[in-house]
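# Fold and geometry: a report
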Amino acid sequence: ASSYSDVMMARPGGNPIASVGNCGRCHYTAQDTEHHETFNAQAGVDLPATSWLSFSARGFVNLMRRTVSIENLLTSDTIPAVSARLRSGGDVKTNVTLGPLNVIAGADLKWDEVENQNHLPNLGRKDLSARAFGLYADGEVKLARKLILGAGVRYDGFDVSRNLWKNPTGELSPRVSAVFHALPTLTLRGNYGHAFRAPTMVELGIFQRMYASTVIGNPFLGPERLDTVELAFDGWPFGEVMRLTATGFYTVATNLISQVPLNSSAAEFRSVCGGKLGGVELEVASQLPKLHTSVNLSYQFLYSRLDSTGLPFDYASAHRVQFRARTSIGGTAFVDLYGAYVGPRNDPALLVDEDGNDLGHIVLPGYFIANARVGWNIIDLFSVSAGLTNMFNAQYQETLGFKAPNTQLFAELKFVY
């Protein structure tokens, strides 16, 4: 399978001058444009060997070229910036099923090559490439009719230029889980997992001067790490008609990467601190077959704090509510509704005075957004639909300086073959 796209877009919004540590925001004007070209291709094969053993392999190529034309706020000239990224790779895996035991094991490889003019002076073109490989195994065993135990482990390694990343390190990520079907209408779940995120090429090697600030990469960064414990239950108090789910989780984060101001006009990526997150997710899902309708309502409470400042994580809202509903009319027409409330959250941007003194984080206000879609399945393989996004024209920003789109009307023709 393959795909190609060629898109030109405007970049409205943005502040004339943004605070340090928010690279690029100072340049966003209605005259800025982006040109994106993308090409994706993938292929795979599945090879069943026996009734209990099978093999599979996948390969892919992703190419993206991005040209950003930025208006200089002093001279009004248009300045182009070009970046390109080629990612290729693949994976192989085997699946073994022996009675109550099921095991999946495999390996994957990813290769990235980047072309970008905004990098540290000591980096050459050969430094802007990286290979990452992984080995993994994951198993599940049904010890009894009501109890299922699972465990897995993954190792990730990196082949990166030492000029780009001074101390590339591999990472071992284990996980364990248990599922207990206490009653036909009650299931208990618990799991622990370790995860990590390696620093990106941008965080390691960027050096970008802008109108209001400069952002600098750091080749001495280490990976971010998360350790999470989760407990949950699923209940069906009215059979298949309704499902109730409650999930509690607690996460410890270490070595988080963020931009740190060096002075009034420059910021550098650094491993600044750790943090803790905890919360509860509640969900009610209902199926109403006689009405050909399904409804889903969820609420999330999130408590997050950075160890260094005691402030919430960036973009982490304490309260989030989501609603989804779908109904079918006459077996051919359908209506979809979606709504979400997101509470106030901190933007990474800092308020600063004329002397560059930190006045605290900017808080983005909460918002409610709703979408709707109406469609008709003309035949089994063909459908047509129309919809509204942001139907109440909510005025909000997910990131400071970038206003979300106003109400938009769209139409879709879909053919499945």
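Values in this document were obtained by computation on a predicted structure and should not be read as measured data.

### As for the confidence of the model for the protein chain
Here the protein chain averages 88 in pLDDT, while 91% of its residues score no lower than 70. Counting contacts from residues 14-25, a segment whose pLDDT is below 50, to residues more than four positions away or on other chains yields 43 contacts.

### What to know about the packing of aromatic side chains
Scanning the entire structure with this criterion turns up five aromatic pairs. Clustering of aromatic rings is evident, with ring pairs tying together Phe-158, Trp-165 and Phe-196. Between the NZ or CZ atom of Arg-131 and the centre of the ring of Trp-111, over which it lies, the distance is 4.9 Å. It is Arg-326 that lies over the ring of Phe-334; its NZ or CZ is 4.5 Å from the centre.

### Some details on the pairing of strand 8 (residues 171-183)
Pairing analysis gives ten bridges linking strand 7 (residues 147-160) to strand 8, with the strands arranged antiparallel. Across the sheet, residue Leu-149 finds its bridge partner in strand 8, namely Ala-178. Two strands pair when backbone bridges link them, and strand 8 and strand 9 (residues 186-197) are joined in this way by seven bridges, in the antiparallel orientation. Paired with Leu-183 across the strands is Leu-186, a residue of strand 9. If you look at the hairpin formed by strand 8 and strand 9, you'll find two residues sitting between the two strands.

### Thoughts on the side chain of Ser-83
Inspection of the secondary structure puts Ser-83 in strand 4 (residues 78-98). Discounting residues that sit within four places of it in the chain, Ser-83 has contacts with Met-64, Arg-65, Arg-66, Glu-115 and Asn-116.

### What to know about unusual backbone geometry
Located in the positive-phi region is His-292, a residue other than glycine, with phi close to 55°. Summarising the element assignment, His-292 is placed in the loop between strand 14 (266-288) and strand 15 (293-306). Despite not being glycine, Tyr-315 shows a phi value in the positive range, around 65°. Here Tyr-315 shows up in the loop between strand 15 and strand 16 (319-329).

### Focus on a nonpolar patch on the surface
On the surface, Leu-244, Val-284, Leu-297, Val-321, Phe-323, Leu-337, Tyr-341, Phe-368 and Phe-392 cluster together to form a nonpolar patch covering roughly 760 Å² of accessible area. With respect to the helices and strands, the residue Phe-368 is situated in strand 20 (residues 367-379).

### Some points on the pattern of salt bridges
With the rule as written, the count across this model stands at 19 salt bridges. A salt bridge links Asp-159 to Arg-131, with the shortest nitrogen-to-oxygen separation between them at 2.6 Å. Here Arg-131 lies in strand 6 (residues 129-142) and Asp-159 lies in strand 7, a separation of 28 residues in the sequence. Judged by relative accessible area, Arg-131 falls into the partly exposed class, the value being 30%. The partner of Arg-175 in a salt bridge is Asp-138, and the shortest N-O contact between them spans 2.9 Å. Remark: Asp-138 occurs in strand 6 and Arg-175 occurs in strand 8; sequence separation between them is 37 residues. Using a relative accessible area of 28% as the deciding quantity, one classes Arg-175 as partly exposed.

Calculation rules
- Residues numbered from 1 in each chain as written.
- Predicted model: local features only at pLDDT ≥ 70, side-chain atom pairs only at ≥ 80, totals over all residues.
- Heavy atoms only, no water.
- pLDDT = per-residue confidence, 0-100.
- Contact = heavy atoms within 4.5 Å.
- Phe/Tyr/Trp six-rings, centres within 6.5 Å; stacked < 30°, edge-to-face > 60°.
- Lys NZ or Arg CZ within 6 Å of the ring centre and 35° of its normal.
- Pairing = 2+ DSSP bridges.
- Helix = DSSP H or I, 4+ residues; strand = E, 2+ residues; numbered from the N terminus.
- Patch = residues over 30% accessible without salt bridge, like charges linked within 9 Å, V, L, I, M, F, W, Y side chains within 5 Å.
- Areas by Shrake-Rupley, 256 points an atom, 1.4 Å probe, with all protein chains shown as cover.
- Salt bridge = Lys/Arg side-chain N within 4 Å of Asp/Glu carboxyl O.
- Buried < 20%, exposed > 50% of the residue type's maximum accessible area, 1.4 Å probe, protein only.

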